[in-house]
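# Inside the fold
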Amino acid sequence: FLGRTVDEELLEELEEVLITSDIGMDTTMKIIGQLREDVRKQGLTTEQQVKERIASIVEGLIDKGENHQICQETPLVILMIGVNGGGKTTSIGKLANKFKQDGKSVLLAAADTFRAAAGEQLELWGERVGVNVISHHEGADPSAVIFDAIQSAKAKKTDILICDTAGRIQTKKNLMVELEKMNKIIGREYPEAARETLLVLDATTGKNAVSQAKEFGEITDITGIVLTKLDGTAKGGIVITIADEFNMPVKFIGIGEGMNDLKEFDPAEFAGGLFNE
Amino acid sequence: MAFESLSDKLQGVFKKLKGKGVLTEADINEAMREVKLALLEADVNFKVVKDFVSAVKEKSLGSDVLESLTPGQQVIKIVNDELVGLMGGANSKLTYSPRGFTILLMVGLQGTGKTTTCGKLANYLKKNGKKPMLCACDIYRPAAIDQLEVVGKTVDVPVFTMRDCKEPEVIAETAVKEAELKGFDVLIVDTAGRLQIDEALMEELVRVKKAIKPHEILLVVDAMTGQDAVNAAAGFDDKLGIDGVIMTKLDGDARGGAALSVKQVTGKPIKFIGVGEKFDALEPFHPERMASRILGM
Ligand SMILES: Nc1nc2c(ncn2[C@@H]2O[C@H](COP(=O)(O)OP(=O)(O)OP(=O)(O)O)[C@@H](O)[C@H]2O)c(=O)[nH]1
Ligand SMILES: Nc1nc2c(ncn2[C@@H]2O[C@H](COP(=O)(O)OP(=O)(O)OP(=O)(O)O)[C@@H](O)[C@H]2O)c(=O)[nH]1
Ligand SMILES: [K+]
Ligand SMILES: [Mg+2]
Ligand SMILES: [Mg+2]
């Protein structure tokens, strides 16, 4: 049995794989362009060689080396941000679980005071994982929740404070200003703490994720992405475009709704996953 | 932004077409390449785009277009009409049971906006003189029942719950009896988000469907969804037979190509769009507006 030869049809098929995994057109063209060159220069002749080559080109775009790791310093404040329904609150529950298992002390701040029962949702996660949650009543100022949580974290010498925020569409000015304020409060009240700002992206998202990375990136210093819902059929390829355009590393992936369904991001595995059926 | 430059480009191509007294096949091919890119950047599904472009091309190359006095304008019109045609179609309104008691079942992937949309629909129905009740069948997500209760309170619609019951079909069936008994005329059933490939949870929905025989099964789809929209929609439709789609989160800058894709693979109409988090942020769907949004014009 001989493998297929490398022809236009194979390249077109691979291009289709990239497009249908939500990688943007520009990045797709860039990848295919590079592939053509490599096929020629390296004299690749089998389908297998070509597929391995394209996976490693993709891996090269998404691999940000040590930046994939979450900050190891404490005290650490993690601010979770993103559009509605992406999986912020759930990912916080999973992260809290992971840190606890690593022997760290964790506190959660329920700074989504807007969405119906957002506080209750986070409190249930706190119970499930066994960590405390600071929350105010619905409609309270989210910055005030964060302020209180910081005082509590300082007093108890908590290693890691994770702040939940309400989902917000990145084009809504007033909501982005509110987020900016929360971000400033952390800097002002807890300057000695190390910081992570994680943008939560739903793997089913298409091109709009680029706008999300851009707009959220303009008002906060995004240190990483949590890519959720990879247990479904969506490939989450848009993070390749984002990694390519904004140099943002993916730090974790979400692969389910349970507290253990969070994994550290592995660039090679992710790139390979795009080309597996 | 990539979006803008693309729609600018498209405008440019259309302008060029408009200005031409004579169109060649090459002109049309170039225009179709730009249309294809625009649709892909707007998240329309790859296969849907391919079919769409070849259909438009075929129509555009007809002699009645090429030999007309304004061939460019004709091509533009074909693109627009085809898009609207794909998204429109009959029966985009909610249907009510002739018996007077209507059951709506909300389904979809995680986080798309089902629970919020339950509140919006209840609010909408109330304004249209109906007497709706909500029913909480999400037994998995932390505080999902609390969330629906807060939603119900906000729109002033009662919420049926059975907190100790772990069988959504039993909860739904009991809610139907209660709602009918108490004189409500619509029951809106919220369900947990789930992946279309999760067989156990899809079976659960089938049981709920069997138990309550909803008049409308509404699939809630996030407008920001990319290429995967078709997989999810086809999965839910194959298993349950959906009646319509509600597309949420169109208040941002998402181009909403998922709308076209979902309509195309299921053949089911889009009935409403969600344009915000508040409970009045629900609008009837307009295919023409969506067509221009997708093309970025
Ligand atoms: N299958 C799957 N579902 C997930 C994953 N992460 C989160 N979810 C589900 O997605 C839905 C939304 O998650 P939330 O954590 O409430 O999302 P959020 O970003 O906090 O939402 P808002 O606060 O409303 O903006 C819930 O049903 C979660 O269980 C994941 O990795 N896989
Ligand atoms: N901006 C905007 N947000 C919306 C819209 N519809 C829903 N949301 C938000 O999206 C998030 C998820 O909404 P939910 O109603 O909890 O979604 P769900 O489908 O019930 O989620 P699960 O039950 O976890 O599957 C919430 O933050 C809602 O406020 C909309 O049309 N526009
Ligand atoms: K989503
Ligand atoms: Mg949340
Ligand atoms: Mg819900």
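Residues numbered from 1 in each chain as written. Chains lettered and ligands numbered in written order. Predicted model: local features only at pLDDT ≥ 70, side-chain atom pairs only at ≥ 80, totals over all residues. Heavy atoms only, no water.

### Examining the overall build of chain B
What counts, and what does not: Numbering of helices and strands starts at the N terminus; helices are DSSP runs of H or I of at least 4 residues and strands are runs of E of at least 2. Accessible surface area values rest on a Shrake-Rupley calculation with a 1.4 Å probe, where residue burial reflects the displayed protein chains alone. For the purpose of charge, His is not counted, nor are the chain termini; Lys and Arg are scored as positive and Asp and Glu as negative. For the purpose of locating charges, the reference atoms are NZ of Lys, CZ of Arg, CG of Asp and CD of Glu.
Regarding its fold elements, chain B presents 12 helices and 8 strands. Viewed in the frame of its principal axes, chain B has a C-alpha envelope of about 70 × 40 × 35 Å. A total accessible area of about 12,200 Å² is found for chain B, and carbon and sulfur atoms account for 51% of it. Treating the 40 positive side-chain charges of chain B as one cloud and the 42 negative ones as another, the clouds have centres 2 Å apart.

### Focus on the coordination of the potassium ion (ligand 3)
How we decide: With water omitted from the atoms examined, metal sites may look incomplete; donors here are N, O and S atoms no farther than 2.8 Å from the metal, or 3.2 Å in the case of Na, K and Ca. The cut-offs for exposure are 20% and 50% of the maximum accessible area for each residue type, with area from a 1.4 Å probe on protein chains only; residues under the lower value are buried, those over the upper are exposed, and the others partly exposed.
All of the protein donors around the potassium ion (ligand 3) are Asp202 of chain A (OD) and Asp222 of chain B (OD); their distances to the metal are 2.5 to 2.9 Å. With aspartate 202 of chain A in strand 5 (residues 194–202) and aspartate 222 of chain B in strand 5 (residues 216–222), this residue pair bridges two chains. Residue aspartate 222 of chain B is classed as buried on the basis of its relative accessible area of 9%.

### With respect to the interface of chain B and chain A
Rule in force here: Between two residues, a contact is recorded if the distance between any of their heavy atoms is within 4.5 Å. Buried area, as used here, totals the accessible surface that two parts lose on assembly, with accessibility defined by a 1.4 Å probe and the loss added over both. Any carboxyl oxygen of Asp or Glu that lies within 4 Å of a side-chain nitrogen of Lys or Arg is treated as forming a salt bridge with it. Polar contact is the term for a pair of N or O atoms within 3.5 Å; when the atoms are in protein, one must be able to donate a hydrogen and the other to accept it, and sequence-neighboring residues count only if both atoms are side-chain atoms. We call Asp, Glu, Lys and Arg charged. Ala, Val, Leu, Ile, Met, Phe, Trp, Tyr, Cys and Pro are nonpolar, and the rest, Gly among them, are polar.
Counting residues at the interface gives 36 residues for chain B, matched by 38 residues for chain A. Sorting the residues of chain B by area buried against chain A places Pro142, Met224 and Glu277 of chain B first, and these three jointly supply 19% of that buried surface. Where chain B touches chain A, the interface holds 3 salt bridges. Two residues, lysine 47 of chain B and glutamate 16 of chain A, come together in a salt bridge whose shortest N-O distance is 3.7 Å. Inspection of the region where chain B meets chain A yields 17 residue pairs in polar contact (both at pLDDT 80 or more). Counting residues per element, the ones that place at least two in the side of chain B that touches chain A are helix 2 (25–41), helix 3 (46–60) and helix 7 (144–155) of chain B. Per-element tally for the side of chain B that touches chain A: the top contributor is helix 7 of chain B, with 4 residues. Class assignment for the residues of the side of chain B that touches chain A results in 15 nonpolar, 11 polar and 10 charged.

### A few points about the pairing of strand 2 (residues 106–111) of chain A
Residues and elements named next belong to chain A. As a reminder, the rule being used: A pair of strands is treated as paired once DSSP finds two or more bridges between them. A crossover counts as right-handed when, viewed with the strands pointing away from the observer, the path leading from the first strand over the helix to the second turns clockwise.
For strand 2, the tally of buried residues reaches 6 of 6 residues, placing the bulk of the element in the interior. Residue alternation in strand 2 divides its side chains into two sets, Val106, Leu108 and Ala110 and Leu107, Ala109 and Ala111, and both sets are buried. Direction of pairing for strand 2 relative to strand 4 (residues 160–165): parallel, over a ladder of 6 bridges. Each residue of the ladder has a partner; that of alanine 109, found in strand 4, is cysteine 163. Both strand 2 and strand 3 (residues 132–134) contribute to a ladder of 3 bridges, which runs parallel. Residue pairing in the sheet places leucine 107 in a bridge with asparagine 132 of strand 3. Handedness of the crossover joining strand 2 and strand 3 through helix 5 (residues 118–129): right-handed.

### Notes on the site of ligand 2
The cut-off we apply is this: Think of it this way: one heavy atom of a residue within 4 Å of a molecule or strand is enough to make that residue near it.
Contacts to ligand 2 come from 23 residues, most closely from Lys114, Thr115, Thr116, Arg141 and Asp251 of chain B. Chains contributing residues near ligand 2 are chains A and B. Note that an oxygen atom of ligand 2 is positioned 2.7 Å from one of the side-chain N or O atoms of threonine 115 of chain B. Burial of ligand 2 by the protein chains amounts to 97% of its free accessible area of 650 Å². Of the residues contributing to the shell around ligand 2, the split by class is 3 nonpolar, 12 polar and 8 charged.

### Digging into the environment of glutamate 257 of chain A
If you trace the backbone, glutamate 257 of chain A turns up in the loop between strand 7 (250–254) and strand 8 (262–264). Glutamate 257 of chain A gets classed as partly exposed once you look at its relative accessible area, which sits at 44%. Remark: the alpha-carbon pair of glutamate 257 of chain A and threonine 89 of chain A, spanning 168 residues in sequence, is separated by 11 Å. Ignoring sequence-local partners within four residues, the contact set of glutamate 257 of chain A consists of Thr90, Trp125 and Arg128 of chain A together with Gln110 and Gly193 of chain B. Engagement of the side chain of glutamate 257 of chain A in a polar contact is seen with the side chain of glutamine 110 of chain B, the distance being 2.8 Å.

### Considering helix 7 (residues 173–189) of chain A
Residues and elements named next belong to chain A. This is how it is decided: One fewer than the residue count of a helix, multiplied by 1.5 Å, yields its expected span.
The end-to-end C-alpha separation of helix 7 is 24 Å, in line with the 24 Å expected for 17 residues at 1.5 Å each. By the burial criterion, the buried members of helix 7 are Met176, Leu179, Met182, Asn183, Ile185, Ile186 and Glu189. As for helix 7, its buried residues are in contact with strand 1 (76–81), strand 2, helix 6 (142–155), strand 4, strand 5 and helix 8 (208–219).

### Details of the pairing of strand 7 of chain A
Residues and elements named next belong to chain A. Of all 5 residues in strand 7, 5 are buried; the element is thus mostly enclosed. Direction of pairing for strand 6 (residues 224–228) relative to strand 7: parallel, over a ladder of 3 bridges. Across the sheet, the residue bridging to isoleucine 225 is valine 250, located in strand 7. In the sheet, strand 7 pairs with strand 8 via 3 bridges, with the strands oriented antiparallel. Note that in strand 8 the partner of isoleucine 253 across the bridge is lysine 263.

### Some details on unusual backbone geometry
In the segment running from threonine 74 of chain A into proline 75 of chain A, the intervening peptide bond is cis, with an omega of -5 degrees. Along the chain, proline 75 of chain A falls in the loop between helix 3 (47–62) and strand 1. A positive phi is found at lysine 249 of chain B, a non-glycine position, where the angle reads about 65 degrees. Structurally, the position occupied by lysine 249 of chain B is in the loop between strand 6 (244–248) and helix 11 (257–266). What makes lysine 249 of chain B buried here is its relative accessible area of 11%.

### Quick notes on the site of ligand 1
Around ligand 1, the surrounding shell holds 22 residues, and the nearest of these are Gly87, Lys88, Thr89, Thr90 and Glu257 of chain A. Neighbouring residues of ligand 1 are distributed over chains A and B. At 3.3 Å from an oxygen atom of ligand 1 is found a side-chain nitrogen or oxygen belonging to lysine 94 of chain A. Aspartate 231 of chain A places a polar side-chain atom, nitrogen or oxygen, 2.8 Å from a nitrogen atom of ligand 1. Coverage of ligand 1 by the protein chains reaches 96% of its 650 Å² of free accessible surface. The dominant element in the shell around ligand 1, judged by the number of residues it contributes, is helix 4 (residues 88–101) of chain A, at 4 residues.

### A short note on the nonpolar core
Selection rule: In these notes, a set of buried Ala, Val, Leu, Ile, Met, Phe, Trp, Tyr and Cys residues joined through side-chain atoms within 4.5 Å is what counts as a nonpolar core.
Formed by 77 residues in total, the largest nonpolar core has its most connected members in Leu39, Phe52, Leu187, Phe236 and Met247 of chain B. The dominant element in this core, judged by the number of residues it contributes, is helix 5 (residues 71–87) of chain B, at 7 residues. Beyond its immediate stretch of four places on either side in the chain, methionine 247 of chain B contacts Val221, Ala223, Ala258, Ala259, Ile270, Phe272, Ile273 and Gly274 of chain B. Leu44, Leu107, Val239 and Phe270 of chain A belong to the second largest nonpolar core, which has 67 residues in total.

Keep in mind that these numbers describe shape and distance, not what the molecule does.
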